[in-house]
Amino acid sequence: MKYASEEQEGPAVEQTAGPAASAPEQSEQAGQAGRRAAGAGHPAAPHDEQQGTRNKVARSILDHGPSTAAELALRLELTQAAVRRHLDALAAEGVVEPREKRVYGTRGRGRPARAFALTDCGRDAFDQAYDQLATEALRWIAQSAGGGEKGEAAVAAFARARLAAQAEGYRKEVEAAEPQARTEALAKALTADGYAATARSAPNPQLGEQLCQHHCPVAHVAEQYPQLCEAETEVFSRLLGTHVQRLATIAHGDGVCTTFVPKAGAGKAAHRTPRTTKTTTASASTAGRNPA
């Protein structure tokens, strides 16, 4: 199946001359007439239809993280050429930006594929209309507590209370799952709350897996108040019954919030995750670092 905008957006496909064409000029003229007739019967796609497909492209990037044109074409059942046109338009609008696709393990020959990620502007379109209000509220909490360390502690207390209430909604689903499926159960619960979360194997599957959140409704606020990320990491640890480690966050410039969940029985090896130096919750020293 193809979206209507894909079938109507591009120029008409050129027809090839038949095998018995003996007059090239007449054949070309006939081909041009045929193309004009075909174009007359298929008017250009309306702007809102094209925009609708672009929204689907942006939403797919939101749900799955930075994606190549080939990956998007497969998900949306469009041609790569059509996807690239939409990506070019979204990039021109400042909604997406190209990045070098991260490669795990040995990189093959040739240039790495470009992956497209949402910009801050692109994320603004998804459930972030109250960022300013939330930021001002947290600033007021910090100032009312006296600022400085006391203010930071007050914001942290608020973040923990907020996440504790949210976690109760996830607890039943997580505890009902088999131990080896609890990260996946948490990902599904987070997705229902708008975080577009997935669970996948870590680069070294023997050590554990990764909980990936492709969307964060409070990313802009968390950029100023990392206590929100830290409280969330603590909640994940309690729900999963194990130490977890935040490897990357959208709030600190990454395309995906990534949390490492060690496999049961991995022992000390689980703490030797790449590019991390702490084994506590997220902080400025660990946030924004991708797993190797």
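Residues numbered from 1 in each chain as written. Predicted model: local features only at pLDDT ≥ 70, side-chain atom pairs only at ≥ 80, totals over all residues. Heavy atoms only, no water.

Our next topic: the overall build of the protein. Regarding its fold elements, the protein presents eleven helices and six strands. The proportion of buried residues among the 292 residues of the protein is 39%. Contacts spanning at least 24 positions in sequence make up 59% of the contacts within the protein whose residues lie at least 6 apart. Here the protein has roughly 16,200 Å² of accessible surface; of this, 52% comes from carbon and sulfur atoms. (Helix = DSSP H or I, 4+ residues; strand = E, 2+ residues; numbered from the N terminus. Buried < 20%, exposed > 50% of the residue type's maximum accessible area, 1.4 Å probe, protein only. Contact = heavy atoms within 4.5 Å. Areas by Shrake-Rupley, 256 points an atom, 1.4 Å probe, with all protein chains shown as cover.)

Below, the discussion takes up the pattern of salt bridges. A complete count under the given rule lists six salt bridges for this structure. Residue D63 is joined to R59 by a salt bridge in which the shortest nitrogen-to-oxygen separation is 3.2 Å. Of this pair, D63 and R59 both sit in helix α3 (residues 47-64), four residues apart, roughly one helical turn. Using a relative accessible area of 25% as the deciding quantity, one classes D63 as partly exposed. (Salt bridge = Lys/Arg side-chain N within 4 Å of Asp/Glu carboxyl O.)

When the terminal C-alpha atoms of helix α11 (residues 227-240) are compared, their 20 Å separation across 14 residues agrees well with the 20 Å that a helix rising 1.5 Å per residue should span. Across the 14 residues that make up α11, a large majority, ten, are buried. Buried within α11 we find Q227, L228, C229, A231, E232, T233, V235, F236, L239 and L240. Backbone geometry just downstream of α11 places G241 in the positive-phi region, at approximately 70 degrees. (Expected span 1.5 Å × (residues − 1).)

For the coordinates displayed, the defined rule picks out one cavity of 30 Å³ or more. Roughly 90 Å³ of internal volume is contained in the largest cavity. Every residue along the wall of the largest cavity is listed here: R162, L163, Q166, Y195, Q213, C216, V218, A222, L228, C229, E232 and C257. Listed by contribution, the elements that provide at least two residues to the lining of the largest cavity are α8 (148-176) and α11. The class makeup of the residues in the lining of the largest cavity is eight nonpolar, two polar and two charged. (1 Å grid on protein atoms, 1.4 Å probe; cavity = no way out; pocket = protein on both sides within 12 Å on 5 of 7 lines; lining within 4 Å. Points joined across faces, edges and corners; volume = space filled by probe spheres on them. Nonpolar A, V, L, I, M, F, W, Y, C, P; charged D, E, K, R; others polar.)

Remark: α8 packs on α11, axes separated minimally by 8 Å, with the N-to-C direction vectors making an angle of 35 degrees. Viewed along their axes, α8 and α11 form a crossing whose handedness is right-handed. Mapping the contact onto sequence places E152, V155, A156, A159, R160, L163, A167, Y170, R171 and V174 in α8 and Q227, L228, A231, E232, E234, V235, L239 and L240 in α11. Class assignment of the residues belonging to the contact of α8 with α11 gives a composition of twelve nonpolar, one polar and five charged. (Axes fitted to C-alpha atoms, helices over the stretch in contact; angles between N-to-C directions. Left-handed = near helix turned anticlockwise from the far one by under 90°.)

What follows concerns the environment of I141. Mapped onto the fold, I141 is located in helix α7 (residues 131-144). Along the sequence, I141 and V155 sit 14 residues apart, while their C-alpha atoms lie 6.5 Å from each other. Non-local contacts of I141, meaning those with residues more than four positions away in its chain, are made with A154, V155 and F158.

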